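Listed below are the residues making up each chain.
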Amino acid sequence: MALERTFSIIKPDATRRNLTGQINARLEAVGLRIVAQKRKQLTQTEAKAFYAVHAARPFYNDLVAFMTSGPVVLQVLEGENAVLANREVMGATNPADAAEGTIRKDFAESIEANSVHGSDSPENAAIEIAYFFAGCEITS
Ligand code: IDP
Ligand code: MG
């Protein structure tokens, strides 16, 4: 087991419903520590670049519109196997498939408006963290 960092976003559907604290409590309950956090309105450029891997998918333009439809909360989470631990507490992409007790099962509105983002690998976590946070903004 290794102390690891992952990147998380509380998405606009969740900030709109004032769920930041409830989602943070779920993260902390599974041992993830929020070592950096900031609320931000993403620009089109930022949302497009962040989801560039999905640029060819039919939902890309809708996804960018959704991610810029309101403020998000950008986070760096730290803990044992943080990438996997966060994916587990998030639940499946489609809330209809998400396990009981996961964030997406309990809060997501749809497969698109699914309340949270979490990195899918340590390599992508490092890239995503560096895109939104300077090293001096992250404190263990
Ligand atoms: P993930 O967030 O569980 O890693 P990805 O496949 O990486 O899922 O997709 C990124 C985001 O794109 C999802 O969280 C969701 O907001 C959106 N998305 C994924 N699949 C669909 C879809 O079929 N329709 C609409 N939006 C989707
Ligand atoms: Mg993903």
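Data block above holds the structure.
To keep things clear, this report deals only with the structure shown in the data block. Because the structure is a prediction, the values reported are computed rather than measured.

Parameters and conventions
Residues numbered from 1 in each chain as written. Chains lettered and ligands numbered in written order. Predicted model: local features only at pLDDT ≥ 70, side-chain atom pairs only at ≥ 80, totals over all residues. Heavy atoms only, no water. Helix = DSSP H or I, 4+ residues; strand = E, 2+ residues; numbered from the N terminus. Buried < 20%, exposed > 50% of the residue type's maximum accessible area, 1.4 Å probe, protein only. Contact = heavy atoms within 4.5 Å. Arc of directions from axis to C-beta. Near = heavy atom within 4 Å. Polar contact = N/O pair within 3.5 Å; in protein donor to acceptor, adjacent residues only side chain to side chain. Areas by Shrake-Rupley, 256 points an atom, 1.4 Å probe, with all protein chains shown as cover. Pairing = 2+ DSSP bridges.

## Focus: the environment of Met 67
Part 1: Looking at where Met 67 falls in the secondary structure, it is placed in helix H4 (residues 60-67).
Part 2: A relative accessible area of 0% places Met 67 in the buried class.
Part 3: In this structure, the C-alpha to C-alpha distance between Met 67 and Lys 11, residues 56 residues apart in sequence, is 6.7 Å.
Part 4: With residues near it in sequence (within four places) discarded, Met 67 still touches Ile 9, Lys 11, Pro 12, Leu 42, Ala 47, Tyr 51 and Val 72.

## So, helix H7 (residues 122-132)
Part 1: The complete set of buried residues in H7 reads Ala 125, Glu 128, Ile 129 and Phe 132. Down the axis of H7, the buried set is contained in an arc of 100 degrees. They therefore lie on one face. Residues of H7 that are exposed and point more than 90 degrees away from the buried face comprise Glu 123, Ile 127 and Ala 130.
Part 2: Its buried side turned inward, H7 meets strand S1 (3-10), strand S2 (33-40), helix H3 (44-50), strand S3 (72-80), helix H5 (82-90) and strand S4 (116-118).

## Describing the site of ligand 1
Part 1: Looking at ligand 1, the residues that line it are Lys 11, Tyr 51, His 54, Phe 59, Leu 63, Arg 87, Thr 93, Arg 104, Ile 111, Glu 112 and Asn 114.
Part 2: In this structure, Lys 11 approaches ligand 1 through a side-chain N or O atom, which is 2.9 Å from an oxygen atom.
Part 3: Here an oxygen atom of ligand 1 and a side-chain polar atom of Arg 87 are 2.8 Å apart.
Part 4: For ligand 1, whose unbound accessible area comes to 530 Å², protein coverage reaches 79%.

## With respect to helix H2 (residues 20-29)
Part 1: Every buried residue of H2 is listed here: Thr 20, Ile 23, Asn 24 and Leu 27. Viewed along the axis of H2, the buried residues span an arc of 100 degrees, placing them on a single side of the element. Away from its buried face, by an angle of more than 90 degrees, H2 presents the exposed residues Gly 21 and Ala 29.
Part 2: Looking one or two places after H2, you find Gly 31, whose phi comes out positive at around 90 degrees.

## Here we look at the pairing of S3
Part 1: Judged by how many residues are buried, S3 sits mostly within the fold: eight of nine residues are covered.
Part 2: In this structure, S1 lies alongside S3, joined through eight bridges in antiparallel fashion. Each residue of the ladder has a partner; that of Ser 8, found in S3, is Gln 75.

## Quick notes on the side chain of Thr 20
Part 1: Note on placement: Thr 20 falls in helix H2.
Part 2: Under the relative-accessibility criterion, Thr 20 is labelled buried at 18%.

Keep in mind these values describe shape, not function.
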